[in-house]
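The primary structure of each chain is shown beneath.
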Amino acid sequence: MRLFLHIGHGKTGSSFLQSWLAANADLITSRTSLIYPLSAPGEAITDPRALQGRFSQGNGALLDSLLKQKDRPRRLRRWVRSLAQERSLNRSDLNGLVFSFEGWAKQFDAMVDA
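Cut-off values and rules
Residues numbered from 1 in each chain as written. Predicted model: local features only at pLDDT ≥ 70, side-chain atom pairs only at ≥ 80, totals over all residues. Heavy atoms only, no water. Core = buried A, V, L, I, M, F, W, Y, C linked by side-chain atoms within 4.5 Å. Buried < 20%, exposed > 50% of the residue type's maximum accessible area, 1.4 Å probe, protein only. Helix = DSSP H or I, 4+ residues; strand = E, 2+ residues; numbered from the N terminus. Contact = heavy atoms within 4.5 Å. Pairing = 2+ DSSP bridges.

Peer 1: Just checking my understanding: could you explain the nonpolar core for this structure?
Peer 2: A general feature of soluble globular proteins is that nonpolar side chains tend to end up buried together. Counting residues in each nonpolar core, the largest one holds 15 residues, and the members touching the most others are Ile35, Trp79, Leu94, Leu97 and Phe99. Of all the elements in the fold, those that place two or more residues in this core are α3 (60-67), α4 (72-86) and β3 (96-100). Ranked by residues supplied to this core, first place goes to α4 with four residues. Sequence-distant contacts of leucine 97, that is, excluding residues within four places in its chain, are made with Met1, Arg2, Leu3, Phe4, Ile35, Trp79, Val80 and Leu83. Grouped together as the second largest cluster of nonpolar side chains are eight residues, Ala22, Leu34, Tyr36 and Ala50 included.

Peer 1: What is the right way to look at unusual backbone geometry in this model?
Peer 2: The phi angle of most residues is negative, glycine excepted, and most peptide bonds adopt the trans form. The phi angle at serine 33 is positive, at roughly 60°, despite the residue not being glycine. Following the sequence through the fold, serine 33 ends up in the loop between α2 (25-32) and β2 (34-35). Residue serine 33 is classed as buried on the basis of its relative accessible area, which comes to 17%.

Peer 1: I tried to follow the pairing of β3 on my own but got confused; where do I start?
Peer 2: Successive side chains on a regular strand alternate, one facing one side of the sheet and the next facing the other. A large share of β3 lies buried, amounting to five of its five residues. Burial along β3 is two-sided: Gly96, Val98 and Ser100 and Leu97 and Phe99, pointing in opposite directions, are all buried. Alignment of strand β1 (residues 2-6) against β3, held across five bridges, turns out to be parallel. For leucine 3, the partnering residue across the bridge sits in β3 and is leucine 97.

Peer 1: Even after reading the chapter, I still don't get the sheet that holds β1, so can you show me in this structure?
Peer 2: Spatially, β1-β3-β2 is the arrangement adopted by the three strands of the open sheet, whose pairing is parallel. Each edge of the open sheet is held by one strand with a lone partner, namely β1 and β2.

Structure below.
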């Protein structure tokens with residue numbers, strides 16, 4: 001499975017892209033078998049502002065919180081399986097997950113070796 005990260009920087013149109021991704025999440029999945037997660041499975045939408053065309057920092061907080069979990073690999077597999085099931089996809093048909101978060105641009109230098 002592939003992971004697509006949009007590491008948006010402030011004032012570059014990231015909020016528009018995040019709103020578009022959120023508003024078109026079902027269409028993206030039906031046409032490409034990619035999932036732009038709006039919430040953890042079974043939970044309310046994490047940030048409904050993007051669906052309303054308002055400012056949002058994207059869905060990266062979902063990925064960040066999952067990566068901090070102690071039993072990360074098992075929990076991530078269950079989470080991906082639940083996402084696929086909620087969208088009537090077999091896990092084997094899933095092409096990947098899409099995440100977008102402006103905060104990663106500020107953290108990027110600290111994440112990579114210089």
